[in-house]
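# Structural characterization, general
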Amino acid sequence: MSTYDPNRTVVVATGNAHKLSEIRTILSTAPGMEEMEFVSLGELGDFEEPVEDGETFFDNALIKARDALDQTGMRMAVADDSGLMVDALDGAPGIFSARFAGDHGNDAANNQKLLECMADVPQAERTARFHSSVVLVTRDEDGEEVLAGEGDCEGTIAYDQRGNNGFGYDPLFDLADIPGKRMAELEPDQKNAISHRRRALDDLVVKLS
C-alpha cells in the first residue's frame, strides 16, 4: 500500500477486473482525474467486505466507498451498487437483486424466481430497468465530499431466457435501446456502451466537470 500516493490514488471498491477497467476508462477523462491512479481494493490488501445494509443503491455504494477509505487510509474511493427494478413487483428485486432467491449470486435461482413471479404478468406490464448508483468519496483536512452519478437501462422482462453473455438477469432483459435483443446477447463493448453503470459513470463525470 505504501507504494501508492494517497493524493493521486482512487480506490475502486470492487474485486471485478472488468468493472475496475470500465471505471478507470471513464472517470480518468473527468477534469482533475486525468493523473489519478485507479486501483482495486484487493490490490491494497485483504479486507473484509462491509455489511451493505442501506435502503437504496446509493446507500450501499456509499457504504462501500467509505469503508474502502476507512480500511486503506487513502483519500478517494469510488464504488457502485446496481440491480434490477421491475415495475410489476413494486421495484423488486432492487437492492436484493443478487440474493433474490436466497443465496447470494445464484443467477439460475434468481432468474427462475423472477420468471415465476412474472408468469401471469401481461406484456404491457413487464417494464423494468437496471439501475446503478456510482459514488465518489473524497476526504481531506477539510472533511468529506460525496458525489454520485445515477444511471438506468430500460427494458422489459421476457417470458424465457436467451443469450449466453453477461450475467445476472441479462438473459431475461429485453432492451428498449435495441429492440429484439436481450442484454445477454450483446458483446461486452455493446453492453458497456448502453449499460446502467456506463450512464451512472457519465453522470458522475458531468458532476466532476
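Summarised in this report is the structure supplied together with it.

Our next topic: the pairing of strand 4 (residues 127–140). Along strand 4, 10 of the 14 residues are buried, which leaves the element largely enclosed by surrounding structure. In terms of strand pairing, strand 3 (residues 76–86) meets strand 4 through 11 bridges, oriented antiparallel. Looking at the pairing, Met85 lines up with Arg129 of strand 4. Here strand 4 runs beside strand 5 (residues 143–157); their pairing, made up of 14 bridges, is antiparallel. The residue of strand 5 that forms the bridge with Thr138 is Glu145. With antiparallel pairing between neighbouring strands as the criterion, strand 4 and strand 5 make up a hairpin whose turn holds two residues.

Further remarks concern the pairing of strand 2 (residues 37–40). With four bridges connecting them, strand 1 (residues 9–12) and strand 2 associate as parallel partners. Looking at strand 2, one finds that Thr9 is bridged to Glu37. At this point the chain moves from strand 1, through helix 1 (residues 17–27), to the parallel strand 2, and the crossover so formed is right-handed.

Attention now goes to the pattern of salt bridges. Scanning the model with the defined rule gives 18 salt bridges in all. In this structure, the salt-bridge partner of Lys19 is Asp80, at a minimum N-O distance of 2.9 Å. Here Lys19, found in helix 1, pairs with Asp80, found in strand 3; they are 61 residues apart in sequence, far enough to count as distant. For Lys19, a relative accessible area of 16% puts it in the buried group.

Parameters and conventions
Residues numbered from 1 in each chain as written. Predicted model: local features only at pLDDT ≥ 70, side-chain atom pairs only at ≥ 80, totals over all residues. Heavy atoms only, no water. Buried < 20%, exposed > 50% of the residue type's maximum accessible area, 1.4 Å probe, protein only. Helix = DSSP H or I, 4+ residues; strand = E, 2+ residues; numbered from the N terminus. Pairing = 2+ DSSP bridges. Right-handed = clockwise from strand over helix to strand, strands pointing away. Salt bridge = Lys/Arg side-chain N within 4 Å of Asp/Glu carboxyl O.

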